[in-house]
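A closer look at the structure
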Amino acid sequence: MGDAEIIIPRHVAVVMDGNGRWAEERGLDRTEGHREGRYAARRFVRAADDRGVECVSLYAFSTENWARPETEVEALMTLIEGALLAELEELCQHDVRLVWSGGREGLPGALRRALNSTIEATAGNAGMVLNLCVNYGGQAEIAEAAKQIAQKVRAGELDADEVAPETISAHLYVPELPPVDLLIRPGGDLRVSNFLLWQIAYAEFYVMEDFWPDFQAEHLDAAIADYSRRRRRFGGLPLEE
Ligand code: IPE
Ligand code: IPE
Ligand code: MG
């Protein structure tokens, strides 16, 4: 194998972690870390688009993050809303289509409206897909799919014996997304924190020590270079080279 061969993953997912620690290291309020994290997200989306990635998923707020102090939760909601409104033009310039994975209930109306209006305004864009995960939990997503499937069985629209993995996939928040190829986690923690549990079945993990606000295009290149050296077997045997 040529050591310079680069394989671009179709779907890259990121746990945007380490904002709080980034801020605390500087004696700043955690919220300042979230504010910086927003610019890291912009750098990441640009870099992924430049490199020809088809789809990116960004973990912005988890179902577990509601356990944080109210002031931090509110700051995050306002930041995400503001970022959506501010980035719309750039998303359209780059032909990026926004989709949203996450529970529709419980979010402030202003954020829900910003999400829905950005989804609508970018619906015709045919370039990269940006899957923003807000009020997202992998277990909640699968439970929601199970609920919808059960309702269809009860209504006689679906035969219970025919429920298969594809049936679950078809009932996720955004069913058309390809499986995750590469999962990046800044901040050094070796866990998935309830992110895209169904979609990461065969994802390659890349954990980096730097915190999310320090994320640069070079980090993505390093992750892709590492990913390109992995041998994905999907349970089979390695292909002859
Ligand atoms: C990730 O950064 C952002 C969200 C969870 C919304 P954190 O706020 O978790 O930062 P750390 O992990 O405490 O450093
Ligand atoms: C995961 O980070 C959630 C987001 C980045 C939105 P957390 O900081 O919430 O994860 P844990 O608590 O360390 O597992
Ligand atoms: Mg964290």
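Please refer to the structure higher up on the page.
Residues numbered from 1 in each chain as written. Chains lettered and ligands numbered in written order. Predicted model: local features only at pLDDT ≥ 70, side-chain atom pairs only at ≥ 80, totals over all residues. Heavy atoms only, no water.

1. Things to note about the site of ligand 1
- The local shell around ligand 1 holds 13 residues, among which Asp-17, Gly-20, Arg-21, Arg-30 and Arg-68 are the closest.
- One nitrogen or oxygen atom from the side chain of Arg-30 is found 2.7 Å from an oxygen atom belonging to ligand 1.
- Arg-68 places a side-chain nitrogen or oxygen 2.7 Å from an oxygen atom of ligand 1.
- When isolated, ligand 1 has an accessible area of 380 Å², and the protein chains bury 87% of it.
- A molecule is said to occupy a pocket when more than half its atoms come within 2 Å of that pocket's grid points, and by this definition ligand 1 occupies the largest pocket.
- Among the elements of the structure, α1 (19-25), α2 (30-50) and α3 (70-93) are those that each provide at least two residues to the shell around ligand 1.
- In terms of residues, the shell around ligand 1 owes the most to one element, α1, which gives 3 residues.
- Of the residues assigned to the shell around ligand 1, the class counts are 3 nonpolar, 5 polar and 5 charged. (Near = heavy atom within 4 Å. Polar contact = N/O pair within 3.5 Å; in protein donor to acceptor, adjacent residues only side chain to side chain. Areas by Shrake-Rupley, 256 points an atom, 1.4 Å probe, with all protein chains shown as cover. 1 Å grid on protein atoms, 1.4 Å probe; cavity = no way out; pocket = protein on both sides within 12 Å on 5 of 7 lines; lining within 4 Å. Sits in = over half its atoms within 2 Å of the grid points. Helix = DSSP H or I, 4+ residues; strand = E, 2+ residues; numbered from the N terminus. Nonpolar A, V, L, I, M, F, W, Y, C, P; charged D, E, K, R; others polar.)

2. Here we look at the site of ligand 2
- If you check the shell around ligand 2, you find Val-15, Met-16, Asp-17, Tyr-59, Ala-60, Phe-61, Asn-65, Arg-68, Arg-185, Arg-191 and Ser-193 and nothing else.
- Between Arg-68 and ligand 2, the recorded distance is 3.2 Å, taken from a side-chain N or O atom to an oxygen atom.
- A distance of 3.5 Å separates an oxygen atom of ligand 2 from a polar atom in the side chain of Arg-185.
- Relative to its unbound accessible surface of 390 Å², ligand 2 loses 78% to contact with the protein.
- Here the shell around ligand 2 takes 3 residues from strand β2 (residues 55-62), the largest share from any one element.

3. Details of the pairing of strand β3 (residues 97-101)
- Burial analysis of β3 places 4 of its 5 residues in the buried class, which makes it a mostly covered element.
- Sheet topology note: the β3/strand β4 (residues 129-136) ladder contains 5 bridges and is parallel. Among the inter-strand pairings, Leu-98 is bridged to a residue of β4, identified as Leu-130.
- For the segment spanning β3, helix α4 (residues 109-121) and β4, crossover handedness is left-handed. (Buried < 20%, exposed > 50% of the residue type's maximum accessible area, 1.4 Å probe, protein only. Pairing = 2+ DSSP bridges. Right-handed = clockwise from strand over helix to strand, strands pointing away.)

4. Remarks on helix α5 (residues 138-154)
- In this model α5 runs 24 Å from its N-terminal to its C-terminal C-alpha over 17 residues, within 8% of the 24 Å that 1.5 Å per residue would give.
- Turning to α5, its buried residues number three or more, namely Gly-138, Glu-141, Ala-145 and Ile-149. When α5 is viewed along its axis, its buried side chains cluster within an angular range of 70° and face the same direction. Across from the buried face of α5, at angles greater than 90 degrees, the exposed residues are Gln-139 and Arg-154.
- On its buried face, α5 is in contact with β4 and α6 (165-169).
- Positive backbone phi, at 80°, marks Gly-156, one or two positions downstream of α5. (Expected span 1.5 Å × (residues − 1). Arc of directions from axis to C-beta. Contact = heavy atoms within 4.5 Å.)

5. Focus: the side chain of Thr-31
- Among the structural elements, Thr-31 can be located in helix α2.
- A distance of 2.7 Å separates a polar atom in the side chain of Thr-31 from a polar atom in the side chain of Asp-29.
- With residues up to four places along the chain from it excluded, the contact list for Thr-31 reads Ala-75 and Leu-79.

6. Topic: the nonpolar core
- Core analysis: the largest hydrophobic core is formed by 41 residues, its most contacted members being Phe-44, Leu-58, Leu-115, Leu-132, Val-134 and Ile-184.
- Those residues within four positions of Ile-184 in sequence are excluded, and the remaining contacts are Val-12, Ala-13, Val-14, Val-15, Tyr-206, Met-208, Phe-215, Leu-220 and Ala-223. (Core = buried A, V, L, I, M, F, W, Y, C linked by side-chain atoms within 4.5 Å.)

7. Remarks on the sheet that holds strand β6 (residues 204-207)
- Spatially, the 6 strands line up as an open sheet ordered β3-β4-β2-β1-β5-β6, and their pairing is parallel. Each edge of the open sheet is held by one strand with a lone partner, namely β3 and β6. Strand-to-strand twist across the sheet, computed as the mean angle between neighbouring axes with direction ignored, equals 20°. (Axes fitted to C-alpha atoms, helices over the stretch in contact; angles between N-to-C directions.)

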